[in-house]
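Understanding the architecture of this molecule
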Amino acid sequence: MDGITLELPLFLLATFAGAFIAGLSGFAFGLVAASLWLYILTPSQSAALIIAFGLLVQGYSVWKLRRALDWRKLWPFVAGAALGVPAGVTLLAWSDPRNVRIAVGILLVVYSLYAFFRPSLKLATTGGRIGDAIVGFFNGVLGGLTGLAGILVTIWCGLRGWPKDVQRAIFQPVAVAIFLMSAAWLGAKGTVTTETIKLFAIGLPFVFAGTWLGLKLFGRIDEAMFRKIVLALLFVSGAALIF
């Protein structure tokens, strides 16, 4: 941020909205927050904050799921991500903010359209652990580059046809693993600045408030209608970033 008065309210609004959606759906903090953050923050700041806040939001869910974790399914994704995260962090150092905004916008649009039409898509019944590891690698690259750590794995788990409880026990732990690896690489490269730490501290109460409200409202809103609202918001946010 460069001191413009409007930037801080926009940052806090995006932070609260991302935490709220993540509290309700179990994911998408980075997608929602980045739709505004990338207008007012550098790609490095955005990635670092998504990782830091994402660890808080997703870490709690993983702790709740700890007895349901299946390490036989998890390890290919984590192993692939371990190779992908350094590549993503390296790309982050010489990425152009406008190109990152457009790329994230396209991702938002594609993901929202995928999620809306996914019942008609064929399942990925082949690939096995090699396919899982490849998806884990590219998911790691995306996580290191943008902080969006769980999107590709979430889509892949759906294509694999796994039950919802199995999917959540895969993509949330993978996201946490990528957040941890990305944080270590960003810190090692000196990417985390004093300004970023200050933004983290300022945004922390809004993350807690948004997550709390999302969890509070979870189950009280009609699932089908809420899903349509979230997908519409993701689509509009992505379109705004692109154009």
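What counts and how
- Residues numbered from 1 in each chain as written.
- Predicted model: local features only at pLDDT ≥ 70, side-chain atom pairs only at ≥ 80, totals over all residues.
- Heavy atoms only, no water.
- Salt bridge = Lys/Arg side-chain N within 4 Å of Asp/Glu carboxyl O.
- Buried < 20%, exposed > 50% of the residue type's maximum accessible area, 1.4 Å probe, protein only.
- 1 Å grid on protein atoms, 1.4 Å probe; cavity = no way out; pocket = protein on both sides within 12 Å on 5 of 7 lines; lining within 4 Å.
- Points joined across faces, edges and corners; volume = space filled by probe spheres on them.
- Helix = DSSP H or I, 4+ residues; strand = E, 2+ residues; numbered from the N terminus.
- Nonpolar A, V, L, I, M, F, W, Y, C, P; charged D, E, K, R; others polar.

A few words on the pattern of salt bridges. Opposite charge on two side chains permits them to pair, given that their charged atoms come into close proximity. Under the counting rule described, the total for this entry stands at four salt bridges. With a shortest N-O distance of 3.5 Å, Asp-70 and Arg-72 are connected by a salt bridge. Where Asp-70 meets Lys-73, a salt bridge forms, and the shortest distance between an N and an O atom there is 3.8 Å. Note on Asp-70: relative accessible area 22%, which makes it partly exposed.

Looking at the second largest pocket, its volume works out to about 240 Å³. Those elements that place two or more of their residues in the lining of the second largest pocket are helix 1 (7–25), helix 2 (29–40) and helix 10 (223–242). Of the residues forming the lining of the second largest pocket, the biggest block, six residues, is contributed by helix 1. A per-class count over the lining of the second largest pocket returns eleven nonpolar, two polar and no charged.

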